[in-house]
Each structure stands twice: as structure tokens, then as C-alpha cells.
Amino acid sequence: SMDTMIHEANSMNSDVIGLLDKLIGEPCTRKDVGRMRSLGLGFGDETQCITRPSDRLRRTWELGTYNCAWRIVQGGVVLCGSQDPADLSELNHALAGIEFGRFAALRQITEFDIRVELDNGVAVDFFTTFSDDDECFHIFCPENIFIRFSVREGWRVGPSDKPRNADTGLVQSNPEGV
């Protein structure tokens, strides 16, 4: 069944799952397509970034990708996708017209791909489409916690306010690699 497939593909560790429990039920309060067709979704209240007050207001939770392909689906229809032949303003206009609900679940649907499920049947899929080990998907959590997913390293959790390549004692859910 599909449930077993999802379960088998899901290699998120208990740290990631525990953090995501707090995200369930949070409303999507920001959605936008940025340069290189990056996709950012904000959930929860606006918060001022203490370390970089000049930055735009973030949401309590920020999910997305910088360079992965993505699509938004509902009821068996692709509503909008990163490969749409549209410019950024058209993509953002399409996004604005989609009713995003509250966060319901995060699933790893294959060893390469992530799905964010909302409580109104909208889902956002993120696809690894490159061969190097770049980050495919990330979540900025409250209290400067950062979750990232890449194919080679799997799910990792660490501080968001430290350099990404510093030895930050990241928790690794996939220590043996791929």
C-alpha cells in the first residue's frame, strides 16, 4: 500500500519528527517564489530576526528550497510548478490564488523527494533534480534550529545561527550515507 511505501521511504529521525510535531496545525502565512524559482513557505506568526534585524520579517517556521524543482497539487491536479513557463510575478500571482491551509504532515515520499501536506488537501512536493549533494529542502524552526535534507546526508538538525559548514554537532539520521 502507499502508506507502507511512505513509511519505508521515511528516514526522518525522532529529533526531526519531534520538532515537526510543534508545526502541526500552524497556518501558512507566507508563500513566495524567489530568485532561481526558489520556493519559501512561512507558517505561524511573524517574528523579527534578532541576529539580522534588517531582514524581512520571518514567520515562526520557514520551509522551502533554494534550487529544487517543486510543484503544488490538489485533487490530482498540478496547480502550479517551478517549471511553469511563467515569470516570477506570474508564479507568485498563481501562488497567491491558491488557498494554503494549515500544516498537516511532512513525508519523504522517495529517497530523493519530500512532500508537505496541508489540512485542506493541498500538497507541496520538492524534488531533488541534481547530482551533487546540495541541500534540497530546509526548515527554519523556532529557537534557531535548522533542519536540512540532502540525498547524501539525509536529514540533519543543527543551529541556524552558526556557519553551515562549522562543526556544529549536527544530528545525522543517515550516518552510513547512501
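Report on the accompanying structure.

## Points about the pattern of salt bridges
Here the structure, examined in full by the defined rule, presents eight salt bridges. Two residues, Arg 30 and Glu 62, come together in a salt bridge whose shortest N-O distance is 2.4 Å. With Arg 30 in strand E1 (residues 28-33) and Glu 62 in strand E3 (residues 58-65), the pair connects residues that are 32 residues apart, well separated along the chain. Here the two residues Arg 30 and Glu 62 agree in accessibility, since each one is buried. For the salt bridge of Arg 156 with Glu 153, the shortest nitrogen-to-oxygen distance reads 3.5 Å. Here Arg 156 falls in the buried class, since its relative accessible area comes to 13%. Ionic contacts of the salt-bridge type, sharing partners, join the residues Glu 135, Arg 148, Glu 153 and Arg 156 into one network.

## Overview of the nonpolar core
Within soluble globular proteins, side chains that are nonpolar tend to cluster in buried spots. In this structure, Leu 63, Leu 106 and Phe 137 are the most contacted members of the largest nonpolar core, which totals 37 residues. Leave out the neighbours within four places in its chain, and Phe 137 touches Leu 63, Gly 64, Leu 106, Ile 114, Val 116, Phe 126, Ile 147, Arg 148, Phe 149 and Trp 155.

## A few points about helix H2 (residues 14-21)
Those residues of H2 not exposed but buried are Val 16, Leu 19 and Leu 20. Viewed along the axis of H2, the buried residues span an arc of 95 degrees, placing them on a single side of the element. Turned more than 90 degrees from where H2 packs its buried face, Ser 14 and Asp 21 sit exposed. Tucked into the core, H2 has its buried residues touching E3, strand E6 (103-108), strand E9 (137-141), strand E10 (145-150) and strand E11 (154-159).

## Let's talk about the packing of aromatic side chains
The final tally for this structure, using the stated rule, is five aromatic pairs. An angle of 85 degrees between the planes, with centres 5.9 Å apart, marks the rings of Phe 43 and Phe 103 as edge-to-face. Here the residue Phe 43 occupies a position in strand E2 (residues 39-47), and Phe 103 occupies one in strand E6, the gap between them amounting to 60 residues. Considered together, Phe 43 and Phe 103 belong to a single accessibility category, that of buried residues. With centroids separated by 4.9 Å and ring planes inclined at 45 degrees, the aromatic side chains of Phe 149 and Trp 155 adopt a geometry described as tilted. Each member of the pair, Phe 149 together with Trp 155, is buried. Joined through ring pairs, the aromatic side chains of Phe 126, Phe 137, Phe 149 and Trp 155 make up one cluster.

## Focus on the sheet that holds strand E8 (residues 122-127)
Taken together, the five strands give an open sheet; going across it, the order is E5-E4-E8-E7-E6, and neighbouring strands pair in antiparallel fashion. The open sheet is flanked by strand E5 (77-81) and E6, the only strands paired with a single partner. Sheet twist, expressed as the mean angle between neighbouring strand axes with direction ignored, is 20 degrees.

## Section: the environment of Glu 117
Checked against the element boundaries, Glu 117 lands in strand E7 (residues 113-118). Sequence spacing of Glu 117 and Leu 106 is 11 residues, and the spatial spacing of their C-alpha atoms is 6.1 Å. Excluding residues within four positions of it along the chain, Glu 117 makes contact with Arg 102, Phe 103, Ala 104, Ala 105, Arg 107, Val 122 and Ala 123. A distance of 3.0 Å separates polar atoms of two side chains, one belonging to Glu 117 and the other to Arg 107.

## Let's talk about unusual backbone geometry
Of note in this structure, Met 36 is not a glycine but carries a positive phi near 60 degrees. Its location among the elements puts Met 36 in the loop between E1 and E2. Residue classification places Met 36 among the exposed residues on the basis of a relative accessible area of 65%. Even without a glycine there, the phi angle at Arg 37 is positive, about 60 degrees. Along the polypeptide, Arg 37 turns up in the loop between E1 and E2.

Rules used throughout
- Residues numbered from 1 in each chain as written.
- Predicted model: local features only at pLDDT ≥ 70, side-chain atom pairs only at ≥ 80, totals over all residues.
- Heavy atoms only, no water.
- Salt bridge = Lys/Arg side-chain N within 4 Å of Asp/Glu carboxyl O.
- Helix = DSSP H or I, 4+ residues; strand = E, 2+ residues; numbered from the N terminus.
- Buried < 20%, exposed > 50% of the residue type's maximum accessible area, 1.4 Å probe, protein only.
- Core = buried A, V, L, I, M, F, W, Y, C linked by side-chain atoms within 4.5 Å.
- Contact = heavy atoms within 4.5 Å.
- Arc of directions from axis to C-beta.
- Phe/Tyr/Trp six-rings, centres within 6.5 Å; stacked < 30°, edge-to-face > 60°.
- Pairing = 2+ DSSP bridges.
- Axes fitted to C-alpha atoms, helices over the stretch in contact; angles between N-to-C directions.
- Polar contact = N/O pair within 3.5 Å; in protein donor to acceptor, adjacent residues only side chain to side chain.

Keep in mind that these numbers describe shape and distance, not what the molecule does.
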